[in-house]
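Observations on chain architecture
Below are the chains, spelled out letter by letter.
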Amino acid sequence: MDTITKEQAKQYSPLTLAFLGDGYYEMLVRRRITLRHNMSAAKLHRAAVEKVRASFQAGAVERIAGLLTDEEREILRRGRNASGNIPRSSNPAEYRRATALEALFGWLLLIGETKRAEELFEVIFE
């Protein structure tokens with residue numbers, strides 16, 4: 001997989017990082033659920049939706065906050081402060097924290113730190 005330097009990755013907008021991180025985080029969720037539960041696709045989908053919704057991701061930020069490096073906290077801050085369209089169905093504070101988490105996961109993927117992303121992911125799901 002192609003990777004870029006941390007400095008190059010920091011040049012991406014936080015919403016671009018969140019775009020990538022959203023897909024990566026969802027793939028990690030789907031993999032985890034599939035490996036732990038052999039059930040219908042509809043049930044797997046419902047289980048995944050519970051873990052990728054903004055309210056869950058916002059709580060996830062709280063669970064990993066104390067484990068982050070200064071650099072990771074900076075990416076999280078940039079993601080939280082990014083201005084985007086918040087869906088009416090979402091709580092704005094939760095949505096911003098969820099975007100922050102997605103930006104962090106996107107940044108980690110871009111720089112090739114998938115092991116670090118998976119470590120944080122495991123803490124989220126403990």
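1. Points about the environment of Asp 70
In this structure, Asp 70 sits in helix α5 (residues 70-81). A distance of 2.3 Å separates a polar atom in the side chain of Asp 70 from a polar atom in the side chain of Arg 73.

2. Description of helix α6 (residues 92-110)
For α6, built from 19 residues, the straight-helix expectation of 27 Å at 1.5 Å per residue is met to within 8% by its first-to-last C-alpha distance of 27 Å. At the N-terminal end of α6, a side-chain oxygen is found 2.8 Å from the backbone nitrogen of Ala 93, two or three residues along, and the residue is Asn 91. Note on α6: the residue one or two positions beyond its end, Gly 112, has a positive phi of about 80 degrees.

3. Regarding the nonpolar core
Formed by 34 residues in total, the largest nonpolar core has its most connected members in Tyr 25, Leu 104, Phe 105 and Ile 124. For this core, the elements supplying multiple residues, two or more each, are α2 (14-36), α3 (41-52), α4 (54-64), α5, α6 and α7 (114-124). Per-element accounting of this core gives the leading share, nine residues, to α6. When sequence neighbours within four positions are dropped, the list of residues in contact with Leu 104 reads Ile 64, Leu 68, Glu 72, Ile 75, Leu 76 and Leu 120.

4. Topic: the packing of aromatic side chains
Counted under the stated rule, the structure contains five aromatic pairs. With a centroid separation of 5.5 Å and 80 degrees between ring planes, the pair formed by Tyr 25 and Phe 105 is classed as edge-to-face. One end of the pair, Tyr 25, is in helix α2; the other, Phe 105, is in helix α6, with 80 residues separating them in the sequence. When its relative accessible area of 1% is taken as the criterion, Tyr 25 is described as buried. Connected via pairs of aromatic rings, a cluster forms that spans Tyr 24, Tyr 25, Phe 56, Phe 105, Phe 121 and Phe 125.

So, how was this worked out
Residues numbered from 1 in each chain as written. Predicted model: local features only at pLDDT ≥ 70, side-chain atom pairs only at ≥ 80, totals over all residues. Heavy atoms only, no water. Helix = DSSP H or I, 4+ residues; strand = E, 2+ residues; numbered from the N terminus. Polar contact = N/O pair within 3.5 Å; in protein donor to acceptor, adjacent residues only side chain to side chain. Expected span 1.5 Å × (residues − 1). Core = buried A, V, L, I, M, F, W, Y, C linked by side-chain atoms within 4.5 Å. Buried < 20%, exposed > 50% of the residue type's maximum accessible area, 1.4 Å probe, protein only. Contact = heavy atoms within 4.5 Å. Phe/Tyr/Trp six-rings, centres within 6.5 Å; stacked < 30°, edge-to-face > 60°.

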